[in-house]
Amino acid sequence: ASAEYDAASGGERETTADDTGAPVPVEPTIVEPPIGPPVDDSPLRAGAIDDAADVAGYLEYRAGIVERGVTVREFDVTDSTVISVVGANGLPVLDAVVEFRDPAAASDEPLATLRTTATGTVRWLPHAMAPGVTEVETAVVVGDEIVPVTFALGDPAVTVEVEAPGGVDGPVPLDVHFVLDATGSMSDEIARLRDNMTAVAQQIAALPAAPDVRFGMTVYRDEGDLFVTRTFDLTGDLEAFLAALADVVADGGGDYPEAKVEALADALEKPDWRREGAVELVFLIADAPPQVGRSVQQTSADSALLAATDGVKIFPVAASGTDDQAEYVMRELAFVTGGRFVFLAYGDGATATGEGTDITDAEFDELPLDQLVIRLVEDEL
């Protein structure tokens, strides 16, 4: 075979010769590009559970994960008590301050100060919030009103009624901050998650309750990547938030654990949260655990306690690839702050959870992810 100039293409094409020696063009072999797997653009579906509804079962799950040899940071959530604050009108009181003091201490400084969420509740964790203290004095503070609270160690729940009314007059101030894993392992779902987050933001803004809503976002990767965390501050400009969300792409990561702890710390500290009088929610969307072996200034448990102090609920959302370690941390964040553990679901009982999970398909309803998140937000409102 030889080559001759092809005037039509401006280049050379391969030729061969027939029996007389005349050149005969060889038809080029057309190589079709490989056909990749079909792009799954179907709506994401999810389920959710509330570990606070079965504390004994949740504690048993935690013990089972440790027995499996999964590495976790020590954080004792046993003997917890939920304190509910209700107004004279029977409605829950948002932003009531619940103070815990050591009567034997020389200082009057509280051991812990927690703010009630939209459901008027806080969860007291004696061994985590006041290690070594055997007795506490507790009081609920609403404005100038101070109401003492009496309960025993390990009492599951106690309700306190105050003279101040519960509920909120007018549009509810609502701050919603998303924390999104933007590492390479999320590349198969990042576009679909972006679409769901866009739908969620648009539907929240249009709710009949007409909340005074602001949205923010912290995206994270890991050390050695282009960035570790980036935070887009809370804003009432929906279009600006959606534009920032549209720019999120998945890349980097390398190893399996990511900078989840650092991202959560930034999400709680960097945005301009409204604090008093506002419903404040964090949706943490990820598929990997934090770097539990890394030395950090603020662990996930520290962030959970900080969120409880400020009255912020955390709703972790587990994506595909979630393992036991990731699920354990996510459920811990939800339990401490009063949120729920959300996980992607794939039908036939398959969920984005670890191998050691105790969640069965009989425990949750599978819904489109945006509908589920909107339902959770409406519950808060």
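Above this text you will find the structure in question.
I will try to describe carefully the structure that is included in this document. What you see as residue numbers is a count from 1 along each chain, following the sequence as written. Since the coordinates come from a predicted model, pLDDT governs what is reported: local features require at least 70, and pairs of side-chain atoms require 80 or more to be given and counted, while whole-chain, interface and lining totals use all residues. Think of the side-chain values as coming from all heavy atoms in the structure, minus any hydrogens and water.

**What about the overall build of the protein chain?**
Definition in use: Secondary structure counts use DSSP, requiring at least four H or I residues in a row for a helix and at least two E residues in a row for a strand, with both numbered from the N terminus. Residue burial is assigned from relative accessible area. The probe radius is 1.4 Å, only protein chains are included, and a residue is buried under 20% of its type maximum, exposed over 50%, and partly exposed in between. Here, two residues are considered to be in contact whenever any of their heavy atoms come within 4.5 Å of each other. Here the accessible surface of atoms and residues is derived via Shrake-Rupley with a 1.4 Å probe, and residues count as covered only by protein chains that are part of the display.
Check the secondary structure of the protein chain and you find eight helices and 18 strands. Every one of the 381 residues in the protein chain was classed for burial, and the buried ones make up 51%. Long-range pairs, those at least 24 residues apart, make up 74% of the contacts in the protein chain with a sequence separation of at least 6. Summed over its atoms, the accessible surface of the protein chain is roughly 18000 Å², and 49% of this surface lies on carbon and sulfur atoms.

**Thoughts on the packing of aromatic side chains**
Basically, it comes down to this: Ring pairs are drawn from Phe, Tyr and Trp, using the six-membered ring of Trp, whenever the two centres fall within 6.5 Å, and their geometry is named by plane angle: stacked under 30 degrees, edge-to-face over 60, tilted for the rest. Geometrically, a charge over a ring is one whose NZ (Lys) or CZ (Arg) sits within 6 Å of the ring centre while staying within 35 degrees of the ring normal.
For the structure shown, the criterion picks out eleven aromatic pairs. Note on Phe215 and Phe241: the rings are 5.4 Å apart at their centroids and 25 degrees apart in plane angle, and the pair reads as stacked. You can see Phe215 sitting in strand E13 (residues 212-220) and its partner Phe241 sitting in helix H4 (residues 238-246), a full 26 residues away along the chain. One aromatic cluster in this structure is built from Phe178, Phe215, Phe232, Phe241, Phe283 and Phe315. Taking NZ or CZ as reference, Arg123 lies 4.0 Å from the ring centre of Phe335, over its face. Across from the ring centre of Tyr61, 3.8 Å away, lies the NZ or CZ of Arg331, which sits over that ring.

**What to know about helix H1 (residues 55-67)**
Our working rule: Expected span, for any helix, means 1.5 Å times one less than how many residues it has. Working definition: the arc comes from the directions between the helix axis and the C-beta atoms, pointing outward to the latter.
Taking 1.5 Å per residue, 13 residues should reach 18 Å; H1 reaches 18 Å between its end C-alpha atoms and fits that length. Where H1 is concerned, the buried positions are Gly57, Tyr58, Tyr61, Arg62 and Ile65. Axial view of H1: buried residues confined to an arc of 145 degrees, hence all on one face. In H1, those exposed residues whose orientation departs by more than 90 degrees from the buried face are Ala56, Glu60 and Glu67. In this structure, the buried residues of H1 make contact with helix H7 (324-337). With its phi angle positive at about 85 degrees, Gly69 sits one or two positions after the end of H1.

**Description of the packing of helix H5 (residues 260-269) against helix H6 (residues 300-310)**
How we decide: Fitted lines through C-alpha atoms give the axes, limited to the stretch in contact for helices. The angle between two N-to-C directions lies from 0 to 180 degrees. Between 65 and 115 degrees an angle is taken as roughly perpendicular, under 35 as roughly parallel, over 145 as roughly antiparallel, and anywhere else as oblique. Crossings are assigned a handedness: left-handed for a near helix turned anticlockwise from the far helix by less than a right angle, right-handed for a clockwise turn.
One way to put it is that H5 packs onto H6 with a least axis distance of 9 Å and a crossing angle of 20 degrees. As summarised for this structure, H5 and H6 are arranged roughly parallel, according to the angle between their axes. Between H5 and H6 lies a crossing whose hand is left-handed. Contacts between H5 and H6 involve Val261, Leu264, Ala265, Leu268 and Glu269 on the former and, on the latter, Ser300, Ser303, Leu306 and Ala307.

**A short note on H6**
Note that an α-helix has 3.6 residues per turn; residues three or four places apart therefore point the same way. For H6, the tally of buried residues reaches eight of eleven residues, placing the bulk of the element in the interior. Taken residue by residue, H6 has Ser300, Ala301, Ser303, Ala304, Leu305, Ala307, Ala308 and Asp310 as its buried positions. Those residues of H6 that are buried are in contact with strand E7 (112-115), helix H2 (126-129), H5, strand E15 (279-286), strand E16 (312-318) and H7. Just downstream of H6 lies Gly311, where phi reads positive at about 75 degrees.

**A word on the nonpolar core**
As a reminder, the rule being used: What we call a nonpolar core is a set of buried Ala, Val, Leu, Ile, Met, Phe, Trp, Tyr and Cys residues that are connected through their side-chain atoms within 4.5 Å.
Counting 107 residues, the largest nonpolar core has Val140, Phe178, Ile204, Phe215, Phe283 and Leu369 as its most contacted members. Sorting elements by how many residues they give to this core places E15 first, with seven residues. With sequence-adjacent residues up to four places away left out, Phe215 is seen in contact with Val176, Phe178, Ala201, Ile204, Asp233, Leu234, Thr235, Leu238 and Phe241.

**Points about the sheet that holds E7**
Consider a sheet: its strands pair through backbone hydrogen bonds, and that pairing is either parallel or antiparallel. The line we're drawing: Note on pairing: two strands pair once DSSP finds at least 2 bridges between them.
Ordered in space as E7-E6-E9-E10, the four strands form an open sheet in which the pairing is antiparallel. Strands with a single pairing partner mark the edges of an open sheet, and in this sheet they are E7 and strand E10 (145-149). This sheet shows a mean twist of 25 degrees between the axes of neighbouring strands, independent of strand direction. Strand direction decides the pairing type here: strand E6 (residues 97-101) and strand E9 (residues 137-142), joined by five bridges, are antiparallel. Looking at E9, one finds that Phe100 is bridged to Thr138.

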